[in-house]
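Spelled out from the first residue to the last, the chains are:
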Amino acid sequence: TYGNSNPDSAGFALSDFLVQLEDYTPTIPDAVANYYLHQAGFESTDPRISRMISIASQKFISDIINEAFTHCKLKAMPPAGGKTKVKDKKYTLTLEDLIPILNDYGISVKKPPYYV
Amino acid sequence: MDPPQNQRRKLLSQAVALMVQEVGYESGESVALEMLTEMFQSILTEMGRTTRMFTELAGRVEPTVGDVTMALVDMGIKVDPVGLRAFSRRSTKPVIPAPGGLPLPKV
């Protein structure tokens, strides 16, 4: 069961996390997160709950970007044994990096057949 | 699209851009950024909707942590309090200041 008192392996539950959100400022302002939550019918008198949702969705997006970056870096690495070292390489987030990661997450995306 | 929605959407795309920059990217394709922004908005809305659903299913009005947990499970997102805590406390966390003058959502 996933009750709110059910601790994870480290003994730290989501409800323990909630109490730490009292004076927390997420990346996106609460007003913006609340607007979208409100659009979905979500309403709470406890700002910590909406903050938690805001953080959870941010983490979801951030994890995807992180994985895409790891992928991108691996792809850009010179083949083993090669002497050419890539220094100060500038990485650009592209759809090609993102699509395989999203497919892993079960989100099927295709490159649009037009230029944007 | 009405202007206030554009304002909020702008903030979302700012957040996405900050996250992209944070992991080490120098730049991003506008298609990719736009897609992530759309996903961000969708997941936020969907999480609100699902949490609300579980709250009402239990016959309550006020959402609880359990409802959020159930929503995460229902959406197939791993419930990871330790990871969330680490994420919320990361030293590189950017913060977008709350804009003044955003109209309150219509009830």
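Just so it is clear, the structure is predicted and the values come from calculations on it, not from any experiment.

1. A word on helix 4 (residues 95-104) of chain A
Logical step 1: Turning to helix 4 of chain A, its buried residues number three or more, namely Leu95, Asp97, Leu98, Ile99, Ile101 and Leu102 of chain A.
Logical step 2: Directly after helix 4 of chain A, the chain includes Gly106 of chain A, whose backbone phi takes a positive value near 85°.

2. Some details on the packing of helix 2 (residues 30-39) of chain A against helix 2 (residues 30-57) of chain B
Packed helices, taken two at a time, are described by the angle between their axes plus the distance between the axes.
Logical step 1: The contact between helix 2 of chain A and helix 2 of chain B brings their axes to 7 Å, and the two run at 60°. The angle between helix 2 of chain A and helix 2 of chain B falls in the class oblique. Note on packing geometry: the crossing formed by helix 2 of chain A with helix 2 of chain B is right-handed. Two secondary-structure elements touch here, helix 2 of chain A through Ala33, Tyr36 and Leu37 of chain A and helix 2 of chain B through Gln41, Leu44, Thr45 and Gly48 of chain B.
Logical step 2: When the residues that make up the contact of helix 2 of chain A with helix 2 of chain B are grouped by side-chain class, the tally is four nonpolar, three polar and no charged.

3. What to know about the packing of aromatic side chains
Logical step 1: Summed over the entire model, instances satisfying the criterion amount to four aromatic pairs over all chains.
Logical step 2: With centroids separated by 5.2 Å and ring planes inclined at 85°, the aromatic side chains of Phe69 of chain A and Tyr91 of chain A adopt a geometry described as edge-to-face. In this pair, Phe69 of chain A is assigned in helix 3 (residues 47-76) and Tyr91 of chain A in the loop between helix 3 and strand 1 (92-93), connecting sequence segments 22 residues apart.
Logical step 3: For Tyr91 of chain A, a relative accessible area of 15% corresponds to the buried category.
Logical step 4: Among the aromatic residues, those joined into a ring-pair cluster are Phe69 and Tyr91 of chain A together with Tyr25 of chain B.
Logical step 5: Sitting above the plane of the Tyr24 of chain A ring, Lys93 of chain B keeps its charged end 4.1 Å from the centroid.

4. A word on the environment of Leu93 of chain A
Logical step 1: Relative to the helices and strands, Leu93 of chain A is located in strand 1.
Logical step 2: Discounting residues that sit within four places of it in the chain, Leu93 of chain A has contacts with Ala68 and Leu98 of chain A together with Val20, Tyr25, Ser27, Gly28, Glu29, Ala32, Leu33 and Leu36 of chain B.

5. Structural notes on the interface of chain B and chain A
Logical step 1: Each side of the interface is counted separately: chain B has 67 residues, and chain A has 63 residues.
Logical step 2: For the pair chain B and chain A, the two sides together bury roughly 5800 Å², of which 75% comes from carbon and sulfur.
Logical step 3: Sorting the residues of chain B by area buried against chain A places Tyr25, Leu44 and Val65 of chain B first, and these three jointly supply 12% of that buried surface.
Logical step 4: Seen at the junction of chain B and chain A, the total is zero salt bridges.
Logical step 5: Put simply, chain B and chain A have 16 residue pairs in polar contact (both at pLDDT 80 or more) between them.
Logical step 6: Those elements that provide at least two residues to the side of chain B that touches chain A are helix 1 (3-23), strand 1 (27-28), helix 2, helix 3 (65-74) and helix 4 (81-88) of chain B.
Logical step 7: It is helix 2 of chain B that provides the largest number of residues to the side of chain B that touches chain A, a total of 17 residues.
Logical step 8: Here the residues of the side of chain B that touches chain A are counted per class, giving 40 nonpolar, 14 polar and 13 charged.

Basis of the calculations
- Residues numbered from 1 in each chain as written.
- Chains lettered and ligands numbered in written order.
- Predicted model: local features only at pLDDT ≥ 70, side-chain atom pairs only at ≥ 80, totals over all residues.
- Heavy atoms only, no water.
- Buried < 20%, exposed > 50% of the residue type's maximum accessible area, 1.4 Å probe, protein only.
- Helix = DSSP H or I, 4+ residues; strand = E, 2+ residues; numbered from the N terminus.
- Axes fitted to C-alpha atoms, helices over the stretch in contact; angles between N-to-C directions.
- Parallel < 35°, antiparallel > 145°, perpendicular 65-115°, else oblique.
- Left-handed = near helix turned anticlockwise from the far one by under 90°.
- Contact = heavy atoms within 4.5 Å.
- Nonpolar A, V, L, I, M, F, W, Y, C, P; charged D, E, K, R; others polar.
- Phe/Tyr/Trp six-rings, centres within 6.5 Å; stacked < 30°, edge-to-face > 60°.
- Lys NZ or Arg CZ within 6 Å of the ring centre and 35° of its normal.
- Buried area = accessible area lost by both parts, 1.4 Å probe.
- Salt bridge = Lys/Arg side-chain N within 4 Å of Asp/Glu carboxyl O.
- Polar contact = N/O pair within 3.5 Å; in protein donor to acceptor, adjacent residues only side chain to side chain.

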